[in-house]
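Descriptive analysis of the structure
The lines below spell out each chain.
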Amino acid sequence: MEHILDILKERGFIAQMTFEDELYEQLKSPTTFYVGFDPTADSLHIGHYIPIMAMAHMQRAGHRPIALMGGGTAMIGDPSGKTDMRKMLTVETIDQNVECIKKQMSRFLDFSDNKALIVNNGDWLRHLNFIDFMRDIGSQFSVNRMLTAECYKARMATENGLSFLEFTYMLMQSYDFLELFHRYGCRLEMGGNDQWSNMLGGADLVRKKENEKAFACTFQLLLTHDGRKMGKTEAGALWLDPVKTSPYNFYQYWRNVDDKDVEKCLALLTFLPMDEVHRLGALKDAEINEAKKVLAYEVTKLVHGEDEARNAAAAAEALFGGGASASNVPTLEVTSDEWTQDARISTLLVRSGLCKSQSDARKQIEQNAVSVNDVKITDPAAVLSKDQLGEDGAMLKKGKKGFCRIVVL
Ligand code: TYR
């Protein structure tokens, strides 16, 4: 069987790892590894999806994933790559977020018979005693070395600087690795490449304190061919929660990726065999659209299930390809009271999530980007009138890719 690191490399996951030869040897036997997720929101987003896919590949190859919920670390806040201090979250918010994320996690990995584990570092970090911790763990870290770490760079350069609170984050994360080594024999931490310094801290700590093998391995971040972060939409992040990002919008995001990003996305975000990925990625011009459909369908299926993927594909066909019914198109329901109060098209653009704000909506109208039932709207103050509402409501469009059906109840 192909070595799991070769599989991950071939699919484009791997960014950096420690002791590569040793890690190759280690992963010839079943190995317990972990990835940490800080519950800073009530849903995972597409940035988390790369580590999740990698965890699934690792599990298929016989290794045991631990998904660590950062109920303790989110109390501190990871400064890695951030230019501003994070908002401090309350314990209640953090705990609630952990519950939401746990539920999402269960879709992606097989948790039966302890084949994967979910743990929460709040269970050990929240009860630490400061002096004990500093003597035991703080003594192992060199401030000189920490100050040169990549993860603090963005903050060292800003006026507000880095709080001592956040400076300790690396110690917390490193301690997790040690704890998971003790509890479950965990030997490897994986995560996004922005986590490299935090992860080295942990692997070093286990090696120093236990004199045992411990490894770190990071994944590429999901970037477009010209280096921008993927998964940013006008409405914000691309969430894995269907309420925060509808399966249709999720599908459309992948349906519309740049030609140059299709192959990479197929390799990273789906389980399609690599020869199929290469075949689809090599398609040109109009044919590449077929590859995008496969990409959108496969990713939506993994994240939202087969039914939602089918619905989303059918809705897209209805809009682009003609045929099929409009009933699967994203819909905004407006009560007739609301409609009497404010039927401005700019308001509907905002309420449907097609525009960020009223001023954005007016700007889009002024730039001729908005239509109702395929008739261009030019007046920023235009209202939706009764006669524009057909049997299926009115079709509001923004640009080439934004759609919403407006139904008045
Ligand atoms: N610091 C990681 C992030 O911000 C999350 C994390 C938390 C990872 C605790 C590991 C860990 O032990 O994405």
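Let us look at the structure shown here. (Residues numbered from 1 in each chain as written. Predicted model: local features only at pLDDT ≥ 70, side-chain atom pairs only at ≥ 80, totals over all residues. Heavy atoms only, no water.)

Examining the site of the ligand
Around the ligand, the surrounding shell consists of Tyr-34, Gly-36, Asp-38, Leu-68, Thr-73, Asp-78, Asn-121, Tyr-169, Gln-173, Asp-176, Glu-189 and Gln-195. The side chain of Asp-78 places a nitrogen or oxygen atom 2.8 Å from a nitrogen atom of the ligand. At a separation of 2.5 Å, an oxygen atom of the ligand approaches a polar side-chain atom of Asp-176. In the complex, the protein chains occlude 89% of the 350 Å² of accessible area that the ligand would expose alone. Examining the composition of the shell around the ligand, we find that three residues originate from one element, helix α10 (residues 169-184), more than from any other. (Near = heavy atom within 4 Å. Polar contact = N/O pair within 3.5 Å; in protein donor to acceptor, adjacent residues only side chain to side chain. Areas by Shrake-Rupley, 256 points an atom, 1.4 Å probe, with all protein chains shown as cover. Helix = DSSP H or I, 4+ residues; strand = E, 2+ residues; numbered from the N terminus.)

Observations regarding the sheet that holds strand β5 (residues 188-192)
Overall, mixed pairing links the six strands, which are arranged β1-β6-β5-β2-β3-β4 in an open sheet. Two strands close off the open sheet at either side, each with one partner strand: β1 (14-17) and β4 (117-120). Across the sheet, the mean angle from the axis of one strand to that of its neighbour is 25°, orientation sign disregarded. Of the strand pairs in this sheet, β1 and strand β6 (residues 215-219) are connected by three bridges, and their pairing is antiparallel. Within β6, the residue paired with Met-17 across the bridge is Cys-217. Contacting β2 (32-37), β3 (64-69) and β4, helix α4 (residues 91-105) crosses the sheet at an angle of about 160° to β3. (Pairing = 2+ DSSP bridges. Axes fitted to C-alpha atoms, helices over the stretch in contact; angles between N-to-C directions. Contact = heavy atoms within 4.5 Å.)

Concerning the sheet that holds strand β13 (residues 402-408)
Spatially, β9-β13-β12-β10-β11 is the arrangement adopted by the five strands of the open sheet, whose pairing is mixed. Across the chains shown, the open sheet's two edge strands, defined by having one partner strand only, are β9 (331-334) and β11 (375-376). Bridge count between strand β12 (residues 394-398) and β13: five bridges; the pairing is antiparallel. In the sheet register, Lys-397 faces β13, and the bridge partner there is Phe-403.

Comments concerning the pairing of β13
Among the seven residues in β13, six count as buried, and that is most of the element. Note that β9 and β13 share four bridges and pair parallel. Across the sheet, Leu-332 pairs through a bridge with Ile-406, a residue of β13. (Buried < 20%, exposed > 50% of the residue type's maximum accessible area, 1.4 Å probe, protein only.)

Examining the pairing of β4
Sheet topology places β3 next to β4; four bridges connect them, and they run parallel. Looking across to β4, one finds that Ile-66 is bridged to Leu-117. Taken together, β3, α4 and β4 constitute a β-α-β crossover, and its handedness is right-handed. (Right-handed = clockwise from strand over helix to strand, strands pointing away.)

So, the packing of helix α13 (residues 262-269) against helix α15 (residues 288-304)
Between α13 and α15, the shortest axis-to-axis distance is 10 Å and the interhelical angle comes to 25°. Here α15 runs roughly parallel to α13, going by the angle between their axes. For the pair α13 and α15, the sense of crossing is left-handed. Here Val-262, Cys-265, Leu-266 and Leu-269 of α13 lie close against α15, whose contacting residues are Ile-288, Ala-291, Lys-292, Leu-295, Val-299 and Leu-302. Partitioning the contact of α13 with α15 into residue classes produces nine nonpolar, no polar and one charged. (Parallel < 35°, antiparallel > 145°, perpendicular 65-115°, else oblique. Left-handed = near helix turned anticlockwise from the far one by under 90°. Nonpolar A, V, L, I, M, F, W, Y, C, P; charged D, E, K, R; others polar.)

What about the environment of Val-262?
Looking at where Val-262 falls in the secondary structure, it is placed in helix α13. Taking relative accessible area as the criterion, Val-262 reaches 0% and is therefore assigned buried. Taking the C-alpha atoms as reference points, Val-262 and Leu-283, separated by 21 residues in sequence, lie 9.8 Å from one another. Ignoring any residue separated from it by four or fewer positions in sequence, one finds Val-262 in contact with Val-257, Ile-288, Ala-291 and Lys-292.

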